[in-house]
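# Coordinates in review
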Amino acid sequence: MKHLAQVAMVWSESSFVNKTDVAQQRHVTFFILYAIEFMTKESSSVFQQVVVEELLPGVSNRLKVSERSLRIDGMQVAEHLAPILGQTLKFEELDGIREERDENGTKMENENKMVPQQDSVKVATSKSKKGRVMRKSRVKADIDPDEEYHSEDEDDFSENSSRSDDDNHSVYSSDSEWDEDGLVSLKLRDEEEDLRVVPRPKYLRECLDLLRADGDDQVAVCKQEAALSELPGLIRALPPDLSDVASSLADELLFKENKFNLSDFSELRWQGLTALGACDPVSTIEYLQSQMFSTNMSLGTRFDILDVMKHSAYELSGQAEMDKSCKPIEPEKFIVKVAGKRSLVPDEYLRKLEGAVETTVNSEIKTRRWGKGRRTIDKHRSVINRFGPLSSLFFYPLIQGFLQSREDEILWGGESGGMVLSHFIVTLAAFVEFSGNHPGTAVLAKDLIELSWPLFGAVNAEVRQAVLIAVSTSLPYLPIEYIYSICAGEMQMINTMQAITNFDTSEKCRLLASVLLNGFRNALLPYS
């Protein structure tokens, strides 16, 4: 039945119907018609349900074509499936063909009935002849009742056993070259593919169809689990049709719900989305950006969009490969979102930025080259930053969407709006950092400061932290002339930093502001 399901899946594909030779299709149809005879209405086999579900689209595809032979194939399969589904179906076009088929079936049954009778006559005749010969050749002999009885079967068994012992001795003896030490063990790997309810998908379009499958039974669960588990590997294999289905797959994964309570659903969904963003960033990121500023979007989905974009930039920049080669990375923990206040700027990220600012300040005091964006990296290890040329595609569409929707209270109003805004600014800062030494990084850094610095007056402390993170991330990539202008010009950044250090209610904001203030003063000391 499993092989019939695979054949039915191929038989139902539109490409098979439209491009395969008609004669070859007829052979496959005959195989399916013969196999359907063994299916019953009372059967509860899961494979039978899969076969029926696969055959119905094939019937519909054949009824749509103009070729008469293909239409007849579809009608015959439909008539055979109707009793299994508890229905009655007859096509007028098959009246003559159905009668001819019934006559051929009756002739074959009669021939089958005649053959066993002839065989029984031959067998009876041979037995009677053999009996007469045995009676003629029987010789009377005197039998001693006290003598030990030996049957011919025992003699044959003893001869065979002695022969097998001799053979084993010759094979496994020390003189033989085929002893146990010379034999190579055969390693069998059975992945139990024949026991799978849903075959493992091999193409992206198959995964897309499985994700879109309806139902709430065990087959639907197996379809979703098979698609989610195989999708990341298929995407990273870079198939030719990736760009055609990337946005559709991103849509299915982004709004997919764990209605079957799968244990690894969140992890597999995340792996699929990040694989799409890293392997086809243009199509995937464009779709995610279009959904980011939609008014009917949940708060968690907006966070997912920003996280996927940030992780895609992290992987495209080569930093993920560098971190993997330097030290093992702990697997990410997927925590179910719960209602309540939470920090969107983690302490680890703040400590990292504080250390980066202090290191940059100390190095720039000696060289006076803040605008060069220098980084200390391993001299024996290098990667290609593929995110630099794509950074503007990630960065500016988000800024455009923000400027167009900044008056929307649904997106940016209230506490939830402040959470989204802080996450939004941190994501833009990550784009600047992952762009690295690309020539356009200085432009991104300048635009990020001009966008984020006016937002520092927000009431939400996390928004103020995000603004300081954006400033500290952008400074290493800016020329010293621009840094002097923002400190002593209209922005008066040094005075503002001094006020933050002294009076801000957030301890993290005061700490970041003090580190940045020392960096500004040391960098601008030669120009004072």
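The paragraphs below set out a description of the structure included in this document. Only a predicted model underlies this, so the values are computations on that prediction, with no experimental measurement involved. Chains are numbered independently. Their residues run from 1 in the order of the written sequence. The predicted nature of this model means local features are confined to residues of pLDDT at least 70 and side-chain atom pairs, given and counted, to a pLDDT of 80 or more, with totals for whole chains, interfaces and linings taken over all residues. To get the side-chain values, all heavy atoms of the structure are used, and hydrogens and water are removed first.

## Concerning the nonpolar core
- Buried Ala, Val, Leu, Ile, Met, Phe, Trp, Tyr and Cys residues that are joined via side-chain atoms within 4.5 Å together make up what is termed a nonpolar core. To sort residues, take the accessible area from a 1.4 Å probe on protein chains only and compare it with the maximum for the residue type: under 20% means buried, over 50% means exposed, and anything in between is partly exposed. With 96 residues, the main nonpolar core has Leu 428, Phe 431, Met 497 and Phe 520 as its most contacted residues.
- Strands here mean DSSP runs of E at least two residues long; helices mean DSSP runs of H or I at least four residues long; both are numbered from the N terminus. Per element, the largest residue contribution to this core is 12 residues, and it comes from helix α18 (residues 414-435).
- Here, residues are in contact when the closest pair of their heavy atoms is within 4.5 Å. For Phe 431, the residues in contact, after removing those within four places along its chain, are Met 309, Lys 310, Ala 313, Phe 387, Phe 394, Phe 395 and Leu 398.
- By size, the runner-up hydrophobic cluster in this structure holds 25 residues, among which are Ala 8, Val 59, Leu 81 and Val 219.

## Considerations on the pattern of salt bridges
- Salt bridge, as used here, is a side-chain nitrogen of Lys or Arg placed within 4 Å of a carboxyl oxygen of Asp or Glu. For the structure shown, the criterion picks out 8 salt bridges.
- Measuring nitrogen to oxygen at the nearest pair gives 3.9 Å for the salt bridge that ties Asp 241 to Arg 205. Of this pair, Asp 241 sits in the loop between α9 (218-236) and α10 (242-254) while Arg 205 is found in helix α8 (residues 204-211), placing the two residues 36 residues apart along the sequence.
- Judged by its relative accessible area of 44%, Arg 205 falls in the partly exposed class.
- For the salt bridge of Asp 504 with Arg 464, the shortest nitrogen-to-oxygen distance reads 3.1 Å. Here Asp 504 is found in the loop between α22 (493-503) and α23 (507-524), whereas its partner Arg 464 is found in helix α20 (residues 461-474), with 40 residues between them in sequence.
- Classification of Asp 504 by relative accessible area gives buried; the value is 11%.

## Describing helix α12 (residues 281-292)
- The span one expects for a helix is its residue count, reduced by one, times 1.5 Å. For α12, spanning 12 residues, the distance from its first C-alpha to its last is 16 Å, which sits close to the expected 16 Å at 1.5 Å a residue.
- For α12, every residue scored as buried is listed here: Pro 281, Thr 284, Ile 285, Tyr 287, Leu 288, Gln 289 and Met 292.
- The secondary structure elements touched by the buried residues of α12 are α10, α11 (265-279), α13 (299-316), α16 (391-405) and α18.

## As for the environment of Thr 427
- Relative to the helices and strands, Thr 427 is located in helix α18.
- When its relative accessible area of 0% is taken as the criterion, Thr 427 is described as buried.
- Each C-alpha atom of the pair Thr 427 and His 311 lies 9.6 Å from the other, and the pair is 116 residues apart in sequence.
- Sequence-distant contacts of Thr 427, defined by excluding residues within four places in its chain, comprise Leu 306 and Lys 310.

## Let's talk about the packing of aromatic side chains
- Each pair of aromatic rings taken from Phe, Tyr and Trp, with Trp reduced to its six-membered ring, is defined by centres within 6.5 Å and is described as stacked if the planes are under 30 degrees apart, edge-to-face if over 60, and tilted in the remaining cases. By the definition in use, this model includes 12 aromatic pairs.
- Taking the centre distance of 5.6 Å and the plane angle of 55 degrees together, the rings of Tyr 314 and Phe 434 count as tilted. Of this pair, Tyr 314 sits in helix α13 while Phe 434 sits in helix α18; the two residues are 120 residues apart in sequence, bridging distant segments of the chain. For the pair shown, Tyr 314 and Phe 434 are each scored as buried.

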